[in-house]
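Take a look at the letters that make up each chain.
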Amino acid sequence: MFNESEQATIINNVKTFLHSIKVVEDSDNLNRFPFMQIIPKFHKPVLKFRTIIASKNCITTKLSRIIFLATNLIETRMKNYCSTIGACTNLNLFWIIKNNEKILTDLARLSKNNRAQTIDTYDFTTLYTNIKHDDLFRALQFVISTAFSSSRFSRIRISEYSTRWCTCDTGFSLSEQQLLQSIKFLVENTWFTVGKHLFNQIIGIPMGTNCAPNLANLFLFALEFRFLKSNLRSDYALCMSLKYTYRYLDDITVINCNNRFDQVILDMYGNDLDLCKVNSVGSHADVLDLSISIVNKKFVSKLYDKRRDFNFTINAFPFFASNISRSILYGTFYAQVIRYCRICSEPCDAIREIISLKQALLMKGYEEVSLISTLRKAINKHVLVRTCFHGIDLSTL
């Protein structure tokens with residue numbers, strides 16, 4: 001049950017820490033604790049649940065937001081740092097991706113030279129709750145220290161509009177030690193409620209707080225970077241075989257590694273993290289919104305939408321009779337046309353997806369004339385779309 005004395009002590013500790021780093025606390029949220037919510041995974045063959053610590057408006061929201069902004073800058077700094085090393089070594093030491101852009105670029109380059117060999121995908125099982133706090137702090141200390149030393153700045157200035165490196169203590173800014181202390185305090189003081197009971201999470205990172213994905217991302221990056229750098233001289237061929245490796249949070253994609261990645265998983269990630277292989281054959285894999293296959297030593301990419309595998313219907317797009325602006329409704333179709341043409345390596349696949357989308361939107365009340373007009377606009381403005389529809393009469397679609 002809630003203990004008012006314990007609750008007051010926790011709130012006072014948060015206030016004291018925020019004052020120590022010169023953060024003005026949000027009085028509206030200072031008496032609110034995060035609460036646990038469970039989201040069912042209806043798409044799984046066996047019903048499972050995802051536990052979320054809802055932290056949108058609570059005592060640690062402001063601190064978590066600050067850490068989120070600061071670690072974004074740290075991640076960008078490490079990306080540039082790895083790019084500098086990669087320019088000299090021809091290696092990829094930064095596996096973090098935010099979308100499919102880098103994968104598509106590398107697939108096109110490899111296919112052009114008929115160098116498609118294998119593609120493998122992996123997934124961490126319950127990543128957030130398996131990260132030990134001591135391991136997390138050591139990894140983040142290494143990453144943050146490297147970022148600060150390579151940037152030649154001593155502080156990170158955080159404002160409502162921007163986050164940047166700085167040297168002077170003006171406005172609100174964090175030093176390296178203050179950032180590390182903030183992360184440590186937040187992780188060790190994750191209090192949440194379940195009904196009338198108050199708990200403290202002592203293992204793992206809470207899913208639901210702003211900075212959780214960044215902390216997990218940088219934690220895994222530290223493990224990957226250390227492994228690659230330690231083997232750079234002793235086993236350059238191994239590092240080179242992992243050049244086409246990409247990680248989107250806890251999903252890893254490895255291209256043309258010839259099973260070398262399987263051999264180093266334990267050395268790289270240790271015993272505490274469980275990494276499972278997802279695809280069963282090395283000639284096909286589903287990655288983000290891409291379905292990738294190897295055909296005649298070339299990578300063929302198509303659209304992948306996991307919702308199509310669900311045993312229930314998903315309403316993916318709004319009805320025309322909704323209160324959404326007409327320009328936004330047709331603008332969505334416009335954006336999807338470009339997206340499909342980017343993803344599909346074969347024009348026929350892109351056209352098939354666009355026709356399917358057009359039919360789905362017609363069923364929702366969209367006007368066919370306006371859809372064709374929007375498609376024609378995309379063809380006129382984008383070379384990629386124009387190439388896909390070269391020689392095709394739109395009136396036949």
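Now for a look at the structure at hand. Treat the numbers as computed from the prediction; the structure is a model and nothing was measured.

**Focus: the nonpolar core**
Of all hydrophobic cores here, the largest spans 79 residues; its most connected members are Ile74, Ile156, Leu179, Leu242, Phe261, Tyr269 and Leu273. Residue contacts for Ile74: discarding those within four places in its chain leaves Val143, Ile144, Ala147, Phe148, Ile156, Trp165, Leu179 and Leu218. Counting residues in each nonpolar core, the second largest holds 44 residues, with Phe299, Leu357, Cys388 and Phe389 among its members.

**Regarding empty space enclosed by the protein**
Within this structure, the stated rule accounts for 3 cavities of 30 Å³ or more. Lining the largest cavity we find Pro34, Ile53, Ser55, Thr60, Leu186, Asn189, Thr190, Trp191, Pro206 and Thr209. In terms of residue class, the lining of the largest cavity is made up of 5 nonpolar, 5 polar and no charged.

**Observations regarding a nonpolar patch on the surface**
Judged by side-chain polarity, Met36, Ile38, Phe42, Leu47, Phe49, Val194, Phe199, Phe312 and Ile314 come together as a nonpolar surface patch covering roughly 810 Å² of accessible area. According to the relative accessible area criterion, Phe199 is partly exposed, its value standing at 39%.

**A word on the packing of helix α10 (residues 347-363) against helix α11 (residues 368-381)**
At their nearest, the axes of α10 and α11 sit 10 Å apart, and the two run at 150 degrees to each other. Classed by the angle they form, the pair α10 and α11 counts as roughly antiparallel. Helix-helix and strand crossings are classified by hand; for α10 and α11 the assignment is right-handed. In this structure, α10 contributes Ile354, Lys358, Leu361 and Leu362 to the contact, and α11 contributes Glu368, Leu371, Ile372 and Leu375. The residue makeup of the contact of α10 with α11, split by class, is 6 nonpolar, no polar and 2 charged.

**A closer look at the side chain of Thr209**
Position of Thr209 among the secondary structure elements: in the loop between β8 (197-200) and α6 (212-231). Once you skip the residues sitting within four places of it in the chain, Thr209 turns out to touch Ile53, Ser55 and Ser64.

**As for the sheet that holds strand β3 (residues 119-125)**
Strand order across the open sheet formed by 4 strands is β9-β10-β3-β11, with antiparallel pairing between neighbours. Edge strands, defined here as strands with exactly one partner in the open sheet, are β9 (245-248) and β11 (274-277). Along the sheet, successive strands turn relative to each other by an average axial angle of 25 degrees, direction set aside. For β3 and β11, the ladder comprises 4 bridges, and the chain directions are antiparallel. Bridge pairing links Thr125 to Asp274 in β11.

**Here we look at the pattern of salt bridges**
In this structure the tally under the stated criterion is 15 salt bridges. Salt-bridge contacts for Arg109 lead to Asp106; the nearest nitrogen and oxygen are separated by 2.6 Å. Linking Arg109 with Asp106, this pair stays in helix α3 (residues 101-112), spanning 3 residues, or about one helical turn. For Asp106, a relative accessible area of 5% corresponds to the buried category. Note that Arg260 is salt-bridged to Asp235, the shortest N-O span being 3.6 Å. One end of the pair, Arg260, is in helix α8 (residues 260-269); the other, Asp235, is in the loop between α6 and α7 (236-241), and 25 residues separate them in sequence.

**A few points about the sheet that holds strand β12 (residues 284-287)**
Adjacent strands of a sheet form backbone hydrogen bonds with each other and so pair up, either parallel or antiparallel. The 3 strands are arranged β12-β13-β14 in an open sheet whose pairing can be described as antiparallel. One side of each edge strand has no neighbouring strand; the edge strands of this open sheet are β12 and β14 (298-303). Each neighbouring strand pair of the sheet contributes to a mean axis angle of 25 degrees, computed without reference to strand direction. For β12 and strand β13 (residues 290-295), the ladder comprises 4 bridges, and the chain directions are antiparallel. Among the inter-strand pairings, Asp286 is bridged to a residue of β13, identified as Ser291. Lying on the sheet, α3 is in contact with β12, β13 and β14; it crosses β14 at an angle near 145 degrees. Packing of helix α9 (residues 326-343) onto the sheet brings it into contact with β13 and β14, and relative to β14 it is tilted by some 160 degrees.

**With respect to helix α1 (residues 4-20)**
Here α1 contains 17 residues, and its C-alpha end-to-end distance of 24 Å stays within 8% of the 24 Å for a straight helix at 1.5 Å per residue. Among the residues of α1, those classed as buried are Gln7, Ile10, Ile11, Val14, Phe17 and Leu18. Seen end-on, α1 carries its buried residues on one side only, within an arc spanning 125 degrees. Downstream of α1 by a residue or two, Lys22 has a phi angle that is positive, lying close to 65 degrees.

**Examining unusual backbone geometry**
A positive phi angle, near 55 degrees, is found at Asn114, a position not held by glycine. Summarising the element assignment, Asn114 is placed in the loop between α3 and β3. Overall, Asn114 belongs to the partly exposed group, its relative accessible area being 39%. A positive phi angle is found at Arg152, which is not glycine, with a value near 65 degrees. Looking at Arg152, the relative accessible area reads 77%, which means it is exposed.

The rules we used
- Residues numbered from 1 in each chain as written.
- Predicted model: local features only at pLDDT ≥ 70, side-chain atom pairs only at ≥ 80, totals over all residues.
- Heavy atoms only, no water.
- Core = buried A, V, L, I, M, F, W, Y, C linked by side-chain atoms within 4.5 Å.
- Buried < 20%, exposed > 50% of the residue type's maximum accessible area, 1.4 Å probe, protein only.
- Contact = heavy atoms within 4.5 Å.
- 1 Å grid on protein atoms, 1.4 Å probe; cavity = no way out; pocket = protein on both sides within 12 Å on 5 of 7 lines; lining within 4 Å.
- Points joined across faces, edges and corners; volume = space filled by probe spheres on them.
- Nonpolar A, V, L, I, M, F, W, Y, C, P; charged D, E, K, R; others polar.
- Patch = residues over 30% accessible without salt bridge, like charges linked within 9 Å, V, L, I, M, F, W, Y side chains within 5 Å.
- Areas by Shrake-Rupley, 256 points an atom, 1.4 Å probe, with all protein chains shown as cover.
- Salt bridge = Lys/Arg side-chain N within 4 Å of Asp/Glu carboxyl O.
- Axes fitted to C-alpha atoms, helices over the stretch in contact; angles between N-to-C directions.
- Helix = DSSP H or I, 4+ residues; strand = E, 2+ residues; numbered from the N terminus.
- Parallel < 35°, antiparallel > 145°, perpendicular 65-115°, else oblique.
- Left-handed = near helix turned anticlockwise from the far one by under 90°.
- Pairing = 2+ DSSP bridges.
- Expected span 1.5 Å × (residues − 1).
- Arc of directions from axis to C-beta.

Everything listed here is a matter of coordinates, which is why it stays silent on function.
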